Amino acid sequence: MNPYIAIGLLLLLSTGLALIIVLLGAVLGPNNPNERKLEPYESGMVPVGEAMQRLPIRFYLIATLFIVFDIEVIFLFPWALIFRKLGIFGLVEMAVFLLILLVGYIYIWQKGALEWD
Amino acid sequence: MNTNVDWLQRSLAIGPELLLMLGGLVVLLVDMWLADDDHPLLPGLTGLFMVGALIWSFVPFIPGMGITPGTIYGMFALDNLTIFFRVFVLTSSLLVLALTTVYIKGRTEQTGEFYSLLLFITLSVILASAANNLIMIYLAFEFLSLTSYIMVGWLRDDVRSNEAAMKYLLYGAISSAVMLYGMSLLYGATGSTNIAEIAAVFANPRTEIVGIFNLGITAAVLMMVGFGFKVALVPFHQWSPDAYEGAPTPVTTFLSVGPKAAGFAIMIRVLTGALGAQTESWQAMLSAVAILTMVVGNLTALAQTDMKRLLAYSSIAQAGYILMGLVANNPADNFGIRAVLVYLLAYLFTNIGLFVSVIGFEQATGSTTIDDYRGLIRRSPFHAMAMVIFFLSLLGIPPTAGFLGKFLVFGAVINAELYFLAVVGMLTSVISAYYYLNVVRVMFFQGDEEDRPLRFAFPLQAVLVITLVGTLLMNLYPTPFLNLIGEPTNLVTQLFGQLPF
């Protein structure tokens, strides 16, 4: 017997089952649409305002910068844990890593990315 | 174990990369310190670091200093292929840098960042072509992609530059996600991300029984989406004409050479390395892609009226020819891979030469449409003659570099007895003659009453001469170029261990 027949059967059965479940739900279930149900779900609260608001682009800039330096900290934790095992090699590697980030920090500072206005 | 010596020798082995990284940071800092954006120190420093890295790349050729093939922590392969791509991309970056100094004046204020990114993108291409581990390949690929998105969208006030960057980003994000899925399948099948270890798992005849073997083929298909995107092979090429047209022209020049080289290097490493056991399957797939690329690229190029778009489609078609070498490669002698590398080198000189002409013309007249090239032979005879030679090289007519590349590629294809592929390649070459020579016709035989002579800036003329000499020399005296590529039999070494030091 061709081993692919089993896969074909599985495909048919799973598609069929999914279809049956969806159809049964549509046929047998109660259907009672109202406006409330179409609203976006906001953790049970009544939604306030529009979703498509204009936000100052500075938020994105700050968020991006935050992520960069946040990840720097995340890298520092595992490094600190196995610091003794890595020895002097790990120290130099981390120094290079921090130095590169320091250049980035000086750069954004000088370019005024940290000023709010 | 004396770790101190290890460091020093490892650092020596990856000196060019360290130098490029340092250069990128230094240029960035110097730019902040300088008040003047057009200060000659910026391109000067950039060039200095590139030249330093280029000279350092030749260190393995010095007898006694010879660095034996190996890998650094299993991540960074140090073999002939890496050395070739180092020299390749550094040469193209230096040429692109010369173009940039002319082009960028007055177009943007962020010149220092641009030079810094040029150093970083060079680094990323080298890292990608030396990557010996799926994780390293992916990281280098993303490094390359992100830098190129930014550089394509450099002209912030230009709508087309923005559009180009956006399209490039969207295509890039999706294709790299698909590629990552393929890589995860490979890891799932073999339990390793190291190329040599993956190859070892697949070489074991037991994998055929377990069924893992075919997973390698699936992974090859998925990863080809990412590689094909970088190289602009046909089903994944839609971004390239828009990106080429909208990007600042020096960036277009680099895009048509650097990422293509990186894509082919990774293809060589992953396909012939990790998936060597599935060679028949992926060669069949690549042969279909190559045929599609050559046909679609050449036929679409026929209808173009803009020079940059024409060159974009032409470079898509050229990628198809280069791919033929990989399709016809025989793992026993690697002649196909050598043909790929020779073709890439020929393409480097020819394509950069053509783009220099386009930039020079754009600087002088502000136009990139083919119609405006009419009467160029009277306005700037040297420039027009150089363009003729570059077009002949793209066509593959001696005495130009393109002939050597096409000769080796078609030779490999005939040797592999892939006659259909060879015939398609020949026929599409003939088609390409129409649109290449059409530009020549416009330049030579369409009259222009006002015969104002065109003047080129000095760096452009220098690059034009260098690429012209390269294009001609590679056919007339190919020995040094072939020496750089190395013996085909030890081009790609299966790198298991680490460097012996």
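So, how was this worked out
- Residues numbered from 1 in each chain as written.
- Chains lettered and ligands numbered in written order.
- Predicted model: local features only at pLDDT ≥ 70, side-chain atom pairs only at ≥ 80, totals over all residues.
- Helix = DSSP H or I, 4+ residues; strand = E, 2+ residues; numbered from the N terminus.
- Rg over C-alpha atoms; globule rule 2.2 N^0.38 Å.
- Buried ≥ 20, exposed ≤ 12 C-beta atoms within 10 Å, placed from the backbone.
- Contact = placed C-beta atoms within 7 Å.
- Nonpolar A, V, L, I, M, F, W, Y, C, P; charged D, E, K, R; others polar.
- Expected span 1.5 Å × (residues − 1).

## Examining the overall build of chain A
Looking only at helices and strands, one finds four helices and zero strands in chain A. Secondary structure elements of chain A occur, N-terminal to C-terminal, as α-α-α-α. Taking 13 Å as the expected radius of gyration for a compact globule of 117 residues, we find that chain A reaches 28 Å, considerably beyond that expectation. In terms of principal-axis extent, the alpha carbons of chain A reach across some 65 × 55 × 25 Å. Within chain A, buried positions represent 0% of all 117 residues.

## Some points on the interface of chain B and chain A
With five residues of chain B in contact, the opposing surface of chain A contributes five residues. Of the residues forming the side of chain B that touches chain A, the biggest block, four residues, is contributed by helix α2 (residues 15-33) of chain B. Across the side of chain B that touches chain A, the residue classes break down as four nonpolar, one polar and no charged.

## Quick notes on the environment of Val356(B)
Residue and element names in this part refer to chain B. The residue Val356 is located in helix α16 (residues 335-365) in this model. Its 33 C-beta neighbours within 10 Å are what place Val356 among the buried residues. In the structure, Val356 is positioned 18 residues away from Arg338 in sequence and 27 Å away in space, judged by C-alpha atoms. Discounting chain neighbours no more than four positions away, the residues touching Val356 are Leu99, Leu460, Val463, Leu464 and Thr467.

## Some words on helix α5 (residues 111-130) of chain B
Taking 1.5 Å per residue, 20 residues should reach 28 Å; α5(B) reaches 29 Å between its end C-alpha atoms and fits that length. Taking burial as the measure, the 20 residues of α5(B) include 20 buried ones, the bulk of the element.

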